[in-house]
Every structure is written in C-alpha cells, then in structure tokens.
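Take a look at the letters that make up each chain.
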Amino acid sequence: MIRLSVNVNKVATLRNSRGGRTPGVIEAVGACVAAGAPGITVHPRADRRHITPDDVREIARVLRTLPPAVEFNIEGDPRAELLELVHEVRPDQCTLVPVVPGEVTSQAGWRAGPERDRLPAAISRLKAHGVRVSLFVDPEPDPIRWAASAGADRVELYTEPFARAFEHGPDAGRRSLAHYAEAARLAHSVGLAVNAGHDLDLDNLVMFRELPFLAEVSIGHALMARALFVGLPVVVREYLNVLL
C-alpha cells in the first residue's frame, strides 16, 4: 500500500486567520490518525503563516505517544532555524524543499545553484540525527542523479505538472504519467525511494497511484478543502481507499 502523509498546514492557516487555538492542529492530527492516516506532514515556513515551531514540537510530542507506524514528516528549506528544529524533534523524515521569497506554495524542485550546493552538508547532519532525508525534485534525470550523489534517501517528485496535464484529459494524463514513471525508475535504480506531492487529489490520484516504486504521497490542500464539506475522517478514509 502507498503511504498517505496528511499535510495539516491549512488547519493552522485557518486558525491563524482569527488567532487563538481554533481549529486545533493537534485535534486535526488526532482525527487523521484515528481515521487511519499513517503519516503527518507539516511545512513550517519562516514567516509562520501557518504551522509554527511550537506546533511542530506539540505534534512531535503527540506522535511519540502513538504506534511507530505513524510517521512525522517535516518539510522546509534548509535554513538554520528549520534544521535546528528538525534536530530537536527528530521526525521520521525531513523533506528539503526550495523556497522562493513571497511564494504562496512550492513552485519547482531543486535547481542548480549556491543553495543546492549547501544541501549535502545539511543532509549529512540530518542523517546523523537518525532522520530520513527526501529532496523535492522535478521528474528529470539530472536532479534525481544529483539527489543520490548528495546522500538523500528519497526524492519527492513535484507533481503539479502531472495535475495540470490530467486536467486536459486521460490521454494527456497518461503521457505525463509515463514521464514520471521514467523518473521513478531512474530514482529506484540509483537507490532512492520515491515520494510524490503537490496538487494530487482524489481524481488524479486514481491514475498517479500506478507510478512504479511509489512509496508515499503527501497531500494537504485538496484533502483539507474537501474535508470542509464531508469531514476530515471521511476524506482521509477516501484517500486511503484510493491508495489500497
């Protein structure tokens, strides 16, 4: 079964829009886990517009009381504050994601440049603390081979291009999926496990779940948007059923 990691950022976004503690991020985590979600993801950004460092610490404390089958994944750019937080709470996985100032959400995987060149040292430190490391990459050969050479354990394939292709019909979706399948096979051949995320939903996931070697999907926006109408436990179970 492909693992589902539920991104709870949007719960914190709604809470922060009003202040206070409602809706509760911990309550959302509990609902997801009770519904069967085997993973929880957060992306604490520097501007604290949704998940905060205190949220991360509280989620980590709660998940430590649960069976080890429930994994904690922290996403973020490798800024000093984020790395120190990861070293402190020791999640199961850290997904390193490039961040563009002012962006609403992630726009692309890691590209060549000074920031990427600093990743091997960060990866080494994280792994020394027992944290599995995944790198957010486009489904292309060069970044996948680079991720392996940098010491990552996994790649998370950036799936917005697939989601946009799927919107144009099944033929376009299949063509895009074939491209992702080549990327997944390459990742597997160089020793990387394969995660995926960004704009996956109940419709396009029916096709994308066929990706070879797919270990985990991280889903937040679409899942939380549907949860507004049908409830969080219901929609978590819907996604789990798709991934069976």
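Source: prediction; values computed, not measured. (Residues numbered from 1 in each chain as written. Predicted model: local features only at pLDDT ≥ 70, side-chain atom pairs only at ≥ 80, totals over all residues. Heavy atoms only, no water.)

## Describing the overall build of the protein
Then, number 1: Looking only at helices and strands, the protein has 12 helices and eight strands in total.
Then, number 2: For the protein, the C-alpha radius of gyration of 17 Å lies close to 18 Å, the compact-globule estimate for 244 residues.
Then, number 3: The principal-axis extent of the C-alpha atoms belonging to the protein is close to 45 × 40 × 35 Å.
Then, number 4: Within the protein, the fraction of its 244 residues that count as buried is 54%.
Then, number 5: Within the protein, residue pairs in contact and separated by at least 24 positions form 67% of the contacts whose partners lie at least 6 positions apart.
Then, number 6: Roughly 10,900 Å² of accessible area belongs to the protein as shown, and the carbon and sulfur atoms make up 55% of that amount. (Helix = DSSP H or I, 4+ residues; strand = E, 2+ residues; numbered from the N terminus. Rg over C-alpha atoms; globule rule 2.2 N^0.38 Å. Buried < 20%, exposed > 50% of the residue type's maximum accessible area, 1.4 Å probe, protein only. Contact = heavy atoms within 4.5 Å. Areas by Shrake-Rupley, 256 points an atom, 1.4 Å probe, with all protein chains shown as cover.)

## Comments concerning the pattern of salt bridges
Then, number 1: This model, assessed by the stated rule, comprises 18 salt bridges.
Then, number 2: R132 is paired through a salt bridge with E71; the nearest N and O atoms lie 2.7 Å apart. Taken as a pair, R132 in strand 5 (residues 132-137) and E71 in strand 3 (residues 71-76) lie far apart in primary sequence, 61 residues in all.
Then, number 3: With its nearest N and O atoms 4.0 Å apart, the salt bridge here joins E216 to R154. Of the two residues, E216 sits in strand 8 (residues 214-219) while R154 sits in strand 6 (residues 154-158), which places them 62 residues apart along the sequence. The two residues E216 and R154 agree in class, both being buried. (Salt bridge = Lys/Arg side-chain N within 4 Å of Asp/Glu carboxyl O.)

## Here we look at the sheet that holds strand 4 (residues 93-96)
Picture the strands of a sheet paired through backbone hydrogen bonds; they go either parallel or antiparallel.
Then, number 1: Read around the closed barrel, eight strands run 1-2-3-4-5-6-7-8, paired in parallel fashion. Within the sheet, the average angular offset between the axes of one strand and its neighbour, ignoring direction, is 25°.
Then, number 2: Of the pairings in the sheet, the one linking strand 7 (residues 193-197) to strand 8 comprises four bridges and is parallel in character. Bridge pairing in strand 8 places N195 opposite E216.
Then, number 3: Contacts between helix 3 (residues 53-64) and the sheet are confined to strand 2 (39-42) and strand 3, with strand 3 contributing the most and set at about 165° to the helix. (Pairing = 2+ DSSP bridges. Axes fitted to C-alpha atoms, helices over the stretch in contact; angles between N-to-C directions.)

## Comments concerning the packing of aromatic side chains
Then, number 1: Taken as a whole, this structure holds five aromatic pairs when the rule is applied.
Then, number 2: With centroids separated by 5.4 Å and ring planes inclined at 65°, the aromatic side chains of F136 and Y158 adopt a geometry described as edge-to-face. Linking F136 in strand 5 with Y158 in strand 6, this pair joins segments that are 22 residues apart in sequence. Taken as a pair, F136 and Y158 share a single burial class, namely buried. (Phe/Tyr/Trp six-rings, centres within 6.5 Å; stacked < 30°, edge-to-face > 60°.)

## Quick notes on the packing of helix 11 (residues 221-230) against helix 12 (residues 232-242)
Then, number 1: As a packed pair, helix 11 and helix 12 sit with axes 7 Å apart at the nearest point and diverge in direction by 130°. One way to sum up the angle between helix 11 and helix 12 is to call them oblique. Seen along the crossing, helix 11 lies across helix 12 with a hand that is right-handed. Of the residues in helix 12, those in contact with A222, L223, M224, R226, A227 and V230 of helix 11 are L232, V234, V235, V236, E238 and Y239.
Then, number 2: Each residue belonging to the contact of helix 11 with helix 12 can be placed in one class, and the counts come to 10 nonpolar, no polar and two charged. (Parallel < 35°, antiparallel > 145°, perpendicular 65-115°, else oblique. Left-handed = near helix turned anticlockwise from the far one by under 90°. Nonpolar A, V, L, I, M, F, W, Y, C, P; charged D, E, K, R; others polar.)

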